[in-house]
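Summary of structural features
The chain contents come next:
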Amino acid sequence: MHVNQPEGFSVPYFATWSLCSLMSKPTILTKVDALSGYLRYTGNWARGGHDGDKITQKYDDNTFVYTSTIGDSVRFDFFGSQLYIRNAYRSDNGRYSVTFDNGEIQYFRTDPSKAPSSKEDGSYTNETMFEWTGQTDGHHTVLIQNAAIATDRNSDPATGPTALLWLDLDFVQWTTTVEHAENTTLGPSDSHWTSSTPELWQDATLVQHSSVASRYTTTNGAVSTLRFKGDRVTLYGLTGQYMSNYTIAIDSGTPTTYNATTPDPGSLPPISQDQVLFTAAGLQNSEHTLTLTAQLGPSQSFGYDYAVVDGILNHADDHSHKLSTGGLTGVIVGIVVVLLSAICIGCFLFRRRRRRNHRKRLIRATAMLESELQNPFLDPYLSDRPVTPPPGYSDSTSVVIPLLGVSLPQSISRTLPRKGASAAPLPRKGKQTNS
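No experiment lies behind these values; they were computed from the predicted model shown.

**With respect to the pattern of salt bridges**
This model, assessed by the stated rule, comprises six salt bridges. A salt bridge links K25 to E179; its shortest N-O distance comes to 2.7 Å. With K25 in the segment before β1 (27-33) and E179 in the loop between β12 (171-177) and β13 (183-186), this pair connects stretches of sequence that are 154 residues apart. Residue E179 is classed as partly exposed on the basis of its relative accessible area of 30%. Here the residues in one salt-bridge network are D53, R90 and D121, joined through shared partners.

**Side note on the pairing of strand β16 (residues 214-217)**
Neither face of β16 is exposed, since S214 and Y216 on one face and R215 and T217 on the opposite face are all buried. Inspection of the sheet shows strand β15 (residues 202-204) paired to β16 by three bridges, in the antiparallel sense. Considered in β16, the bridge of Q202 is made with Y216. Pairing of β16 with strand β21 (residues 302-310) involves three bridges; the strand directions are antiparallel. Across the sheet, the residue bridging to R215 is Y304, located in β21.

**Here we look at the pairing of strand β20 (residues 271-295)**
Bridge analysis of strand β17 (residues 223-240) against β20 gives 16 bridges, and the strand direction is antiparallel. In the sheet register, L235 faces β20, and the bridge partner there is F278. Of the pairings in the sheet, the one linking strand β18 (residues 245-250) to β20 comprises six bridges and is antiparallel in character. Considered in β20, the bridge of Y246 is made with A294.

**Focus on the environment of A204**
In this fold, A204 is placed in strand β15. A204 sits in the partly exposed class, given a relative accessible area of 23%. Once the C-alpha coordinates of A204 and R215 are considered, the two residues, 11 residues apart in sequence, prove to be 6.5 Å apart. Residues in contact with A204, not counting those within four places in the same chain, are A213, S214 and Y216.

**A short note on the packing of aromatic side chains**
For the coordinates displayed, the defined rule picks out 20 aromatic pairs. Arranged with centres 5.3 Å apart and planes meeting at 20 degrees, the rings of Y96 and F108 form a pair that is stacked. Here Y96 is found in strand β6 (residues 96-100), whereas its partner F108 is found in strand β7 (residues 105-108), with 12 residues between them in sequence. One exposure class covers both Y96 and F108, and it is buried.

**A few points about the nonpolar core**
Core analysis: the biggest nonpolar cluster contains 56 residues, and F76, L83, I85, V233 and F278 have the highest contact counts within it. Broken down by element, this core gets its largest block of residues, seven residues, from β20. Non-local contacts of V233, meaning those with residues more than four positions away in its chain, are made with L226, F228, I250, F278, T279, A280, L290, A307, V308 and V309. With six residues, the next largest nonpolar core counts A46, I55, F64 and Y66 among its residues.

Rules of the game
- Throughout, residues of each chain are indexed from 1 in the direction in which the sequence is written.
- Totals for whole chains, interfaces and linings use all residues, but because this is a predicted model, local features are given only for residues with pLDDT of at least 70 and pairs of side-chain atoms are given and counted only at 80 or more.
- With hydrogens and water stripped out, all remaining heavy atoms of the structure feed into the side-chain values.
- The working definition used for a salt bridge is a side-chain nitrogen of Lys or Arg within 4 Å of a carboxyl oxygen of Asp or Glu.
- Numbered from the N terminus, helices here are DSSP runs of H or I no shorter than four residues, and strands are runs of E no shorter than two.
- Classification of residues uses two cut-offs on accessible area relative to the type maximum, computed with a 1.4 Å probe and protein chains only: under 20% is buried, over 50% is exposed, and between them is partly exposed.
- Strands pair, by our definition, only if DSSP identifies at least two bridges between them.
- Residues are treated as being in contact if the distance between any of their heavy atoms lies within 4.5 Å.
- Ring geometry is summarised as follows: Phe, Tyr and Trp rings, the Trp one being its six-membered ring, pair when their centres sit within 6.5 Å, and such pairs are stacked at plane angles under 30 degrees, edge-to-face over 60 and tilted between the two.
- Side-chain atoms within 4.5 Å are what join buried Ala, Val, Leu, Ile, Met, Phe, Trp, Tyr and Cys residues into a set we call a nonpolar core.

In structure tokens:
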């Protein structure tokens, strides 16, 4: 059921054949960063890296959160059949617990002697702190808690005994079976988004070097509504030091409160974009309404970027929804076929035109020669002056055209005597002529 086997906890085994039923429909992977507003933290969590921690760059997206207070926790819900929770195992990380679906508490990293040394710090990032696989998709709740023991120490020969009080969190992700794997992105300016008080919302690029315009408000109680179709929706937006709480309700359900506020970032960017603010799956495959309400405190703001929904049942106004890999391949193949067809047709027309022009030139040249041959006494090389028929003129042979070097049959022809030859025909060899 999960990779890290807790002490004293038996893990049921689910037959692999049960996964075959999932193959008839596609699956998607939802990833939620530690800075996401969808994760509900309690206690004294801090944003990793604000103190110049060089190991920060080894975490996914260079982000993580941590706490050294025993009892601090983070909770989230998901709909799916597989769950993975990632963090790091560092030289000061201690025991923690995971409670799945309000079941038995499971403890991990209970042996202090196995903690990494300070020289190995950062060598065990992207570690699996919890993993679960079920038979079918379903709604589940997860609670992670810092269960460190205050007396636990790391017997590090380089730094001496170190208190194992810290708990890190990098990201969580899960797999969900859906009706269609294609996605459509609905931005704030899309007609799927509406508001009864549009004057309370503004569009602006709030994150440096970002090309995505966010819609934000500085008014408490501002409401924005998204209408969509399908069995899933994920809302992305802004989190940061001065972001606020907000509530989300699907259809006529009870609103749930989330928090987009992150701890003081220190030298890090004060706002993070493209963070998951809300996600839901396993909905009825029909029309739905998502109602978003900002819950601002003093000097706070709230902003969202876009929503990702079923790409078959929803289409953005600008038709910018993402194509599936098969659809994109079909478009590329179609373009290539059209280009090749155009090239072949162009080559065929060019060759046919060239042959036609060549035939016209031959016909024109032949007609010109035939017209000249109508008057056998016309000199074709010098002028149009008629000439005196030469001695021995006869109309019984063919005319030789010096220009082309070929013989053409004519109804009226001429035979020119060789230079210096007699006009009378020469006698055959061995025979006498009568005088």
